[in-house]
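Each chain is listed here by its residues.
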Amino acid sequence: MNRPVELPLAVTAITALNDLFHRQHQLSRQAPDVPLAERRERLQRLARLWREHEAALADVVQQDFGIRGERLTRVADGFMIDGLLADLRRNLARWSRPRRVRTPLYLQPGRAHVQRQPLGVVGIVGPWNYPLQLTLGPTAAALAAGNRVLLKPSEFTPRTSALLAELVARHFAPEELAVVQGGVELAVAFSELPFDHLFFTGSTAVGRQVAEAAARNLTPVTLELGGKSPCIVDASCTDLDDAALKIAVGKLLNAGQTCIAPDYLLLPRGRESMFADAYQRAVTRLYPEIVGNPDYAAIVNARQHARLLGLLEEARQLGARIDDVGPPALGEPASEPEQRQMRPLLVFDLPPQAGLLQHEIFGPILPVRSYDRLDEVIAYINARSRPLSLYWFGTDRSARDRMLRETVSGGVTVNDTLMHIAHDGLPFGGIGESGQGAYHGETGFVRFSHEKAVFVQSRWSGGKLLYPPYGARFDRMMALIRRLM
């Protein structure tokens, strides 16, 4: 008796992925228009999925990280998801309407408008650091725009990915929205599918690979990457305690595992000790203890933790000063996740070649560089890849406006950190090595839509006057048109 051939798990997963994609693609071509009522109903189902299972999802995030409390997930993921869903529900009808466009006098009485249509099938690749916000957020925008969606969450948060797949299957038909799970082989196969749009959040290195794979199909991409986001304390900053508190909030949320976290600090020379003291007071206020504190996440896995320890060891060997600015230790780590709760650190006197100044940190380590003049700050930032975010603290509007004018970054928050991502009306995205394209709000809706140009000719059109054969009449008409332009 012949036994059935057992295929490797990766092969069967890729086969299932291909089947899902082709089904969604076929239906998107058979019915390219998705009525507003159907889009609303899909958003309602996504909101119900989130509302009814938020606690269970936060629990599996906690399991994947080892330590990451429910309240932390509620503020880091849930707050953004709630805001994005509310914004889409509030504005969906207005954003979906055809937009009238002024018609030049020489084309009147014709009329023109822009019609927003679904792209078709959107692929979304999510990261591990915010495994709910950065998967469900772009999914909501893509569904609102009328697309079908294939979602590939991170394999580094497997319990979260598994529960997302289960819940999505309960609330959506696979031809509307489906979750696929797998490791590198599946991710590669996913990126190689001829999506109508591919949305990726993750590292710059992997983003390059995704863009290369998508280019072979001429698939447009949105890349939400990372990089080294500078934080500048201007000489005009008078309240160092307030600045240090806000910098600590931005740096230590999710233990620094945030793409828009302040990656390094530029500080006026001579204020190093004052800032270190203020930062330590801020850290102690936010996190009275580190070990076992559910508000202070563990580094996601041993590999990431070892990478951070390696960067610190290199800094020590290069002569840097490393200051532990965490609260007094109340106990030793007793569990493996507690060992991954890395204490907040400031690093001074780093040479330029140090890895902490060359690579995105993604941990609770803040390098500090001293400067003498604003020119130095601008030159230092502009000599490097354009950052995803930039933070500026001070009261000198002239210095602030110069910083905004003479540097380029994905987004900016002035006198705080992270807040630009929380504003529903602001586009969120990077530039250059920190990303390509943006979403959130109407920008996200347009990102997942095709804006089709439509011109409706009038029966009274004068266009025939420009038909050949050309002669004196044509010359007179061209002269008139030029005067009307």
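Residues numbered from 1 in each chain as written. Predicted model: local features only at pLDDT ≥ 70, side-chain atom pairs only at ≥ 80, totals over all residues. Heavy atoms only, no water.

## Things to note about the packing of aromatic side chains
Spelled out, the test is: Here the aromatic set is Phe, Tyr and Trp, taking the six-membered ring for Trp, and pairing holds for ring centres within 6.5 Å; pairs whose planes are under 30 degrees apart are stacked, those over 60 apart are edge-to-face, and all others are tilted. Think of it in three bands: residues with accessible area under 20% of the maximum for their type are buried, residues over 50% are exposed, and the middle band is partly exposed, with areas taken using a 1.4 Å probe on protein chains only. Definition used: whenever NZ (Lys) or CZ (Arg) falls within 6 Å of the ring centre and also within 35 degrees of the ring normal, the charge is taken to sit over that ring.
Applying the stated criterion to the full structure yields 12 aromatic pairs. When the centroid spacing of 5.0 Å and the interplanar angle of 75° are considered together, the rings of Y287 and Y296 count as edge-to-face. You can call Y287 buried: its relative accessible area is 8%. Ring-pair connections join several aromatic residues into one group, and the members of that group are F199, F428, Y439 and F448. The lysine or arginine in question, R384, covers the ring of Y380, its NZ or CZ lying 3.5 Å from the ring centre. Above the face of the W460 ring, R459 is positioned so that its terminal group lies 4.8 Å from the ring centre.

## Overview of the pattern of salt bridges
Stated formally: Salt bridge, as applied in this entry: a Lys or Arg side-chain nitrogen positioned within 4 Å of an Asp or Glu carboxyl oxygen. Working definition: helices are DSSP H or I runs of at least four residues, strands are E runs of at least two. Numbering for both runs from the N terminus.
This model, assessed by the stated rule, comprises 27 salt bridges. A salt bridge links D87 to R90; its shortest N-O distance comes to 3.4 Å. With D87 and R90 both in helix α3 (residues 70-96) and 3 residues apart, this pair spans about one turn of that helix. In this structure, D263 engages K228 in a salt bridge whose closest nitrogen and oxygen atoms are separated by 2.2 Å. Linking D263 in the loop between α8 (240-252) and β9 (264-268) with K228 in the loop between β7 (221-224) and β8 (230-233), this pair joins segments that are 35 residues apart in sequence. In this pair, the class of D263 matches that of K228, namely buried. Salt bridges here are not isolated pairs; linked through shared partners, they connect E38, E41, R42, R45 and E176.

## Quick word on the pairing of β7
Operational definition: If DSSP finds at least two bridges between two strands, the strands pair. Crossovers are described as right-handed under a simple rule: with the strands pointing away from the observer, the path leading from the first strand over the helix to the second runs clockwise.
Taking every second residue as pointing to the same face, both faces of β7 are buried, with V221 and L223 on one and T222 and E224 on the other. Pairing analysis gives 4 bridges linking strand β6 (residues 197-201) to β7, with the strands arranged parallel. Of the residues in β7, the one forming a bridge with F199 is T222. What joins β6 to β7 is helix α7 (residues 204-215), and the crossover it makes is right-handed.

## Concerning a nonpolar patch on the surface
This is how the line gets drawn: Patch definition: residues above 30% relative accessible area lacking any salt bridge, with like charges linked at up to 9 Å and the nonpolar side chains Val, Leu, Ile, Met, Phe, Trp and Tyr linked at up to 5 Å. Accessible surface area values rest on a Shrake-Rupley calculation with a 1.4 Å probe, where residue burial reflects the displayed protein chains alone.
On the surface, a cluster of nonpolar side chains totalling about 660 Å² of accessible area is made up of L105, Y106, L107, F455, L480, L484 and M485. Take L484: it is sitting in helix α17 (residues 472-484). Looking at L484, the relative accessible area reads 39%, which means it is partly exposed.

## Overview of the pairing of strand β12 (residues 365-371)
In terms of residue burial, β12 counts as a mostly covered element, since 5 of its 7 residues are buried. Alignment of β9 against β12, held across 4 bridges, turns out to be parallel. Bridging from a neighbouring strand, L266 pairs with R369 of β12. Bridge analysis of strand β11 (residues 345-348) against β12 gives 3 bridges, and the strand direction is parallel. Note that in β12 the partner of V347 across the bridge is P367.

## A word on the side chain of H53
Under the convention used in this document: Note on definitions: a residue-residue contact is assigned when non-hydrogen atoms from the two residues lie within 4.5 Å.
Turning to its location among the elements, H53 is positioned in helix α2 (residues 36-65). Beyond its immediate sequence surroundings of up to four residues, H53 is in contact with L167, R170 and H171.

## Here's the deal with the side chain of R271
Operational definition: Neither His nor the chain ends is counted toward charge; the positive residues are Lys and Arg and the negative residues Asp and Glu.
Of note, R271 is situated in the loop between β9 and α9 (272-286). Buried charge R271 goes without a salt bridge, the closest partner of opposite sign being D234 at 7.6 Å. When residues no more than four places from it in sequence are discounted, the contact partners of R271 are D234, A235, C237 and L240.

## Observations regarding the environment of W50
Relative to the assigned elements, W50 resides in helix α2. Residue classification places W50 among the buried positions, given a relative accessible area of 3%. When the C-alpha positions of W50 and L167 are compared, they lie 9.2 Å apart, and in sequence the two are 117 residues distant. In this structure W50 touches L57, G78, I81, D82, L132 and L136, once residues within four positions along its chain are discounted.

## Re the environment of H423
Stated precisely, the cut-off is as follows: In the analysis that follows, any N or O atom pair within 3.5 Å is treated as a polar contact, provided that within protein one partner can donate a hydrogen and the other can accept it, and provided that, for residues neighboring in sequence, both atoms belong to side chains.
Its location among the elements puts H423 in the loop between α15 (419-422) and β15 (428-429). Given the relative accessible area of 46%, H423 is considered partly exposed. Expressed as a C-alpha distance, the spacing of H423 and M403, which sit 20 residues apart in the sequence, is 21 Å. Looking at H423, its side chain comes within polar contact range of the main-chain nitrogen of G425, at 2.9 Å.

## Here we look at the sheet that holds β8
Spelled out, the test is: Note on geometry: axes are lines fitted to C-alpha atoms, helical ones only across the stretch in contact, with angles between N-to-C directions running from 0 to 180 degrees.
Strand order in the open sheet formed by 7 strands is β10-β11-β12-β9-β8-β13-β14, with mixed pairing between adjacent strands. Looking along the sheet, the strands with just one partner apiece sit at the ends: β10 (321-324) and β14 (411-414). Within the sheet, the average angular offset between the axes of one strand and its neighbour, ignoring direction, is 20°. Across the sheet, helix α14 (residues 397-406) touches β8, β13 (389-393) and β14, and the angle it forms with β13 is around 170°.

## Points about the packing of α3 against helix α4 (residues 133-144)
Here is the rule: The labels follow the angle: roughly parallel below 35 degrees, roughly antiparallel above 145, roughly perpendicular from 65 to 115, and oblique for the rest. Note on residue categories: nonpolar means Ala, Val, Leu, Ile, Met, Phe, Trp, Tyr, Cys or Pro, charged means Asp, Glu, Lys or Arg, and polar means any other residue, Gly included.
Two numbers describe how α3 lies on α4: the axes approach to 9 Å, and their chain directions differ by 10°. When the axes of α3 and α4 are compared, the pair comes out roughly parallel. In this structure, α3 contributes A76, D77, M80, I81, L84, L85, L88 and L92 to the contact, and α4 contributes Q133, L136, G137, A140, A141 and A144. Partitioned by chemical class, the residues of the contact of α3 with α4 number 11 nonpolar, 2 polar and 1 charged.

## Side note on the sheet that holds strand β3 (residues 121-125)
The 6 strands lie next to each other as β5-β4-β3-β6-β7-β16, forming an open sheet whose pairing is mixed. Because the sheet does not close on itself, it has two edges, and the strands there are β5 (177-179) and β16 (435-436). Across 2 bridges, the pairing between β7 and β16 is antiparallel. Along β16, the bridge assignment pairs E224 with G435. Each of β6 and β7 touches α7; the most contacted strand, β6, lies at about 170° to it.

## Focus: unusual backbone geometry
The omega angle of the peptide bond from Q108 to P109 is 10°, so this bond is cis rather than trans. When you line up the elements, P109 lands in the loop between β1 (99-101) and β2 (111-118). For the peptide bond that leads from P468 to P469, omega is 5°, which places it in the cis range. Phi is positive for A255, which is not a glycine, with a value near 55°. According to the relative accessible area criterion, A255 is buried, its value standing at 0%.

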